[in-house]
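Listed below are the residues making up each chain.
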Amino acid sequence: MEDRGGGGGSFVAVRRISHGLDRSNTCNTTSAEVVAGSAAWLGRGLSCVCVQGREGDSRPSFDLTPAQEHCLQKLQNRLDIAYDSSIPGHQEALRALWKAAFPEEELRDIISEQWKEMGWQGKDPSTDFRGGGFISLENLLYFARNFPKSFQDLLRKQEGVRGRAMWEYPFAVAGVNITFMLIQMLDLESVKPQSFVGATFLKLLSENESAFDLLYCITFKLMDHQWLAMHASYMDFNAVMKSTRRQLERELLQEDITRLEELPSYNLLSR
């Protein structure tokens with residue numbers, strides 16, 4: 001994966017998508033994550049094997065139940081789908097997103113300057129989907145359909161101080177970056193999770209097949225909340241994303257969390 005932030009380049013993170021990806025057990029977990037997660041999870045039925053790293057670091061590796069393996073494989077199949085404008089279903093999903101965002105305004109063409117109103121970088125949103133693939137479009141559509149008030153609030157920057165600038169961060173491509181960040185944070189391209197956060201999420205996913213989409217909605221709202229709290233500007237986007245990730249990891253590792261709806265940041269959402 002290649003991460004491109006603000007600072008004059010593309011605003012969208014770039015992730016290479018290939019069908020039948022050979023997923024290795026690469027690990028991005030820091031020792032701090034292991035310490036933070038151990039107290040919460042080792043006593044809760046997760047089978048953890050620590051793997052010795054090249055520099056002596058102990059890396060957790062988790063054995064999955066058949067149900068967790070099945071749910072992870074289904075989600076990974078979604079991750080492998082690139083957005084393809086030649087597929088009618090993909091175009092229909094894109095048009096549905098526009099209708100959910102701007103129900104009173106007709107989209108004149110699938111390639112249109114109108115898309116910039118939603119925060120895409122150009123008139124063809126497909127050029128921005130390289131960061132998250134088709135699932136990033138599915139995430140946005142799920143958000144619009146299940147939490148329409150929060151979706152509209154973020155799209156139109158309706159929360160926070162009066163006169164909040166529309167250019168603070170582009171809504172749509174920020175959403176693609178959130179998909180990208182969650183894929184990395186949750187180790188979703190590995191054969192099995194390599195962090196306590198990833199293992200926690202798979203337990204939640206096995207009980208709710210929409211867990212990734214729901215976590216996306218929570219994360220988007222949390223990111224905007226952090227943005228306002230940090231009085232951020234466009235150039236602070238990466239810092240806000242890092243802060244959002246740290247807060248999300250802390251909440252996922254709380255010992256009493258059994259459903260995503262129990263995360264403190266879930267309460268930021270409104271339908």
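Nothing here was measured: the structure is a model prediction, and the numbers come from that model. (Residues numbered from 1 in each chain as written. Predicted model: local features only at pLDDT ≥ 70, side-chain atom pairs only at ≥ 80, totals over all residues. Heavy atoms only, no water.)

Enquirer: Describe helix α8 (residues 211-229), and please don't skip the residues or the numbers.
Expert: Counted at 1.5 Å a residue, the expected span for α8 with its 19 residues is 27 Å, and the 26 Å between its end C-alpha atoms agrees. In terms of burial, α8 is a largely internal element, 16 of the 19 residues being buried. (Helix = DSSP H or I, 4+ residues; strand = E, 2+ residues; numbered from the N terminus. Expected span 1.5 Å × (residues − 1). Buried < 20%, exposed > 50% of the residue type's maximum accessible area, 1.4 Å probe, protein only.)

Enquirer: Give a detailed account of the pattern of salt bridges, specifying residues and quantitative values.
Expert: The full count for this structure, using the stated rule, is nine salt bridges. Its salt-bridge partner being Lys-74, residue Glu-209 comes within 3.7 Å of it at the nearest N-O pair. In this pair, Glu-209 sits in the loop between α7 (196-205) and α8 while Lys-74 sits in helix α2 (residues 66-79), placing the two residues 135 residues apart along the sequence. Taking relative accessible area as the criterion, Lys-74 reaches 43% and is therefore assigned partly exposed. (Salt bridge = Lys/Arg side-chain N within 4 Å of Asp/Glu carboxyl O.)

Enquirer: Could you give an account of the side chain of Gln-114, with specific residues and numbers?
Expert: As for its position among the elements, Gln-114 is in the loop between α3 (88-101) and α4 (134-146). Separated by 3.1 Å, the side chains of Gln-114 and Glu-105 make a polar contact. A polar contact is formed between the side chain of Gln-114 and the backbone oxygen of Glu-106, at a distance of 3.0 Å. Among residues more than four places away in sequence, those in contact with Gln-114 are Trp-98, Glu-105, Glu-106, Leu-107, Arg-108 and Asp-109. (Polar contact = N/O pair within 3.5 Å; in protein donor to acceptor, adjacent residues only side chain to side chain. Contact = heavy atoms within 4.5 Å.)

Enquirer: With reference to specific residues and values, describe the packing of α4 against α8.
Expert: Running from N to C, α4 and α8 cross one another at 70 degrees; their axes reach a closest spacing of 9 Å. Between α4 and α8, the angle is such that the two are roughly perpendicular. Seen from α4, the contacting residues are Ile-135, Glu-138, Asn-139, Leu-140, Tyr-142 and Phe-143; seen from α8, they are Phe-212, Asp-213, Leu-214, Tyr-216, Cys-217 and Phe-220. Across the contact of α4 with α8, the residue classes tally to nine nonpolar, one polar and two charged. (Axes fitted to C-alpha atoms, helices over the stretch in contact; angles between N-to-C directions. Parallel < 35°, antiparallel > 145°, perpendicular 65-115°, else oblique. Nonpolar A, V, L, I, M, F, W, Y, C, P; charged D, E, K, R; others polar.)

Enquirer: Help me get a handle on the environment of Pro-148, residues and values and all.
Expert: Topologically, Pro-148 is positioned in helix α5 (residues 148-155). Look at Pro-148 and you get partly exposed, because its relative accessible area is 34%. Spatially, the C-alpha atoms of Pro-148 and Ala-100 are 8.2 Å apart, while their sequence positions differ by 48 residues. With residues near it in sequence (within four places) discarded, Pro-148 still touches Phe-143 and Arg-271.

Enquirer: Describe the environment of Arg-130, naming the residues involved and giving the relevant values.
Expert: Mapped onto the elements of the fold, Arg-130 is located in the loop between α3 and α4. C-alpha separation for the pair Arg-130 and Tyr-83, spaced 47 residues apart in sequence, amounts to 7.6 Å.

Enquirer: Account for the confidence of the model for the protein chain, naming residues and giving values.
Expert: Summary statistics for the protein chain give a mean pLDDT of 81 and a share of 74% for residues scoring 70 or more. For the protein chain, helix α1 (residues 31-41) is the element with the lowest average pLDDT, namely 31, and α4 is the one with the highest, namely 98. pLDDT under 50 marks residues 1-10. Its contacts with residues more than four places away, or in other chains, come to 26 contacts. When the criterion is pLDDT under 50, residues 24-54 qualifies, and its contacts beyond four places in sequence or with other chains add up to 63 contacts. (pLDDT = per-residue confidence, 0-100.)

Enquirer: An account of the packing of aromatic side chains is needed here, citing residue identities and associated values.
Expert: Tallied over the full model, the rule gives 15 aromatic pairs. Consider the rings of Phe-143 and Tyr-216, whose centres lie 6.4 Å apart with planes at 85 degrees: the pair is edge-to-face. Here Phe-143 is found in helix α4, whereas its partner Tyr-216 is found in helix α8, with 73 residues between them in sequence. The two residues Phe-143 and Tyr-216 agree in class, both being buried. Considering the side-chain rings of Phe-201 and Phe-212, the 6.4 Å spacing of their centres and the 75 degrees angle between planes classify their relative orientation as edge-to-face. (Phe/Tyr/Trp six-rings, centres within 6.5 Å; stacked < 30°, edge-to-face > 60°.)

Enquirer: Let's hear about the nonpolar core: which residues, and what values?
Expert: Ranked by internal contacts, the top residues of the largest apolar core, which has 73 residues, are Met-118, Trp-120, Phe-201, Phe-220 and Met-223. Of all the elements in the fold, those that place two or more residues in this core are α2, α3, α4, α5, α6 (171-185), α7, α8 and α9 (237-252). No other element matches the eleven residues that α8 contributes to this core. Contacts of Met-118, omitting those with residues within four sequence positions, involve Leu-97, Trp-98, Ala-101, Phe-102, Leu-155, Phe-171 and Ala-172. (Core = buried A, V, L, I, M, F, W, Y, C linked by side-chain atoms within 4.5 Å.)

Enquirer: Break down the side chain of Gln-152 for me, citing the residues and quoting the values.
Expert: As for its placement among the helices and strands, Gln-152 is situated in helix α5. Judged by relative accessible area, which is 17%, Gln-152 ranks as buried. One polar contact links the side chain of Gln-152 to the main-chain carbonyl oxygen of Ala-100, over a distance of 3.2 Å. Those residues in contact with Gln-152 that lie beyond four places of it in its chain are Ala-100, Ala-101 and Gln-158.

Enquirer: How would you sum up the packing of α4 against α5? Please name residues and give values.
Expert: In a pair of packed helices, the angle between the axes and the distance between the axes together describe the arrangement. At a closest axis distance of 5 Å, the pairing of α4 and α5 adopts a crossing angle of 115 degrees. Contact residues: α4 offers Leu-140, Phe-143, Ala-144, Arg-145 and Asn-146, while α5 offers Pro-148, Ser-150, Phe-151 and Leu-154. Tallied by class, residues from the contact of α4 with α5 come to six nonpolar, two polar and one charged.

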